[in-house]
Amino acid sequence: MTQSRLTRTAFVASTGLLVAGLAIGVQAQFEAQGLYSARDILDAEVHFESAPEGQPSEVTDILLGDDRKVHAIVVDTHDSVGQNGDTLVITNQHYRLVNFEEEGETQHDIIVDTDAEALEAMPRYDQEWMNTARQRAREAWDSAGEGAESAWHQTREGLERIGEGAESAWERTQEGAERAGRRISETLDDWTNDSNN
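Residues numbered from 1 in each chain as written. Predicted model: local features only at pLDDT ≥ 70, side-chain atom pairs only at ≥ 80, totals over all residues. Heavy atoms only, no water.

## Things to note about the overall build of the chain
Stage number 1. In terms of helices and strands, the chain carries seven helices and six strands.
Stage number 2. Ordering the α and β elements of the chain from the N terminus gives α-α-α-β-β-β-β-β-β-α-α-α-α.
Stage number 3. Counting only residues that meet the buried cut, the chain has 42% of its 197 residues in that class.
Stage number 4. Within the chain, counting contacts between residues at least 6 apart in sequence, those at least 24 apart form 58% of the total. (Helix = DSSP H or I, 4+ residues; strand = E, 2+ residues; numbered from the N terminus. Buried < 20%, exposed > 50% of the residue type's maximum accessible area, 1.4 Å probe, protein only. Contact = heavy atoms within 4.5 Å.)

## What about the nonpolar core?
Considering soluble globular proteins, one finds that nonpolar side chains tend to be buried as a cluster.
Stage number 1. Formed by 17 residues in total, the largest nonpolar core has its most connected members in Val46, Phe48, Ile73, Ile90, Ile110, Val112 and Leu119.
Stage number 2. Among the elements of the structure, strand S1 (45–48), strand S2 (57–64), strand S3 (70–76), strand S4 (87–91) and strand S6 (105–112) are those that each provide at least two residues to this core.
Stage number 3. Apart from the residues within four sequence positions on either side, Ile73 is in contact with Val59, Asp61, Ile62, Leu88, Val89, Ile90, Tyr95 and Ile110.
Stage number 4. Of all hydrophobic cores here, the second largest spans 13 residues; its members include Val89, Trp129, Trp141 and Ile184. (Core = buried A, V, L, I, M, F, W, Y, C linked by side-chain atoms within 4.5 Å.)

## Regarding a nonpolar patch on the surface
Stage number 1. Together, Leu64, Val70 and Trp152 make up a nonpolar patch on the protein surface, roughly 290 Å² of accessible area in all.
Stage number 2. Take Val70: it is sitting in strand S3.
Stage number 3. For Val70, a relative accessible area of 34% translates into the label partly exposed. (Patch = residues over 30% accessible without salt bridge, like charges linked within 9 Å, V, L, I, M, F, W, Y side chains within 5 Å. Areas by Shrake-Rupley, 256 points an atom, 1.4 Å probe, with all protein chains shown as cover. Salt bridge = Lys/Arg side-chain N within 4 Å of Asp/Glu carboxyl O.)

## Describing a negative patch on the surface
Stage number 1. Residues Asp40, Asp43, Glu101, Glu103 and Glu105 make up a contiguous surface patch of negative charge.
Stage number 2. Exposure remark for Glu101: the relative accessible area of 54% places this residue in the exposed category. (Lys, Arg positive; Asp, Glu negative; His and termini not counted. Charge placed at Lys NZ, Arg CZ, Asp CG, Glu CD.)

## Focus on the pairing of strand S5 (residues 95–102)
Stage number 1. Most of S5 sits out of view: six of its eight residues are buried.
Stage number 2. Both S5 and S6 contribute to a ladder of eight bridges, which runs antiparallel. By the bridge assignment, Tyr95 is partnered in S6 with Val112.
Stage number 3. Counting the residues between successive antiparallel strands, the hairpin from S5 to S6 contains two residues, one of them, Glu103, with a positive phi of roughly 55°. (Pairing = 2+ DSSP bridges.)

## Quick notes on the side chain of Gln83
Stage number 1. Here Gln83 is to be found in the loop between S3 and S4.
Stage number 2. Under the relative-accessibility criterion, Gln83 is labelled buried at 3%.

## Some remarks on the packing of aromatic side chains
Stage number 1. Applying the stated criterion across every chain, the model contains one aromatic pair.
Stage number 2. A ring pair is formed by Tyr125 and Trp129, whose centres lie 5.9 Å apart and whose planes are at 50°; its orientation type is tilted.
Stage number 3. With relative accessibility at 27%, the residue Tyr125 sits in the partly exposed group.
Stage number 4. Since its relative accessible area comes to 7%, Trp129 is described here as buried. (Phe/Tyr/Trp six-rings, centres within 6.5 Å; stacked < 30°, edge-to-face > 60°.)

And the structure:
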């Protein structure tokens, strides 16, 4: 960790941002960026509300659904976080991304907003988890999407080549995909929440 990053992290911890959310006086440094690079997010340090003194962890993967949206991140935890260095699946409801300037460049940190008990109950990432998650997400897509094809495979241009009715087909596909995408997130969140009980 660079000295300036260490200083900034200490500032964040000391002002209670990890626990209380963004203070009004410093929100300006966390303005929305508009478009984010996956590479930058993979380089982001991960800090845990439940372990404010812990060393930063790292994002090792970003999980996307058939709606082409991020539904979870995969984090290798540092031993100091208290999770035995396990790799955790953290769904969108449990983390937030903060943006800041460092040496004239926009950087990111990820703050995981959970207590130690919830963190302990989060799914551990391995091939078995991934296989089961893929199946559950596929089932969620099929049940909520009403036949919508994966957004990875179908584009508006492809539908327009079909001919008459392409516009309404596209709208139905989009609506189904949005419903299905919400259902994928709910499925992963429910799975995480079930683990917490």
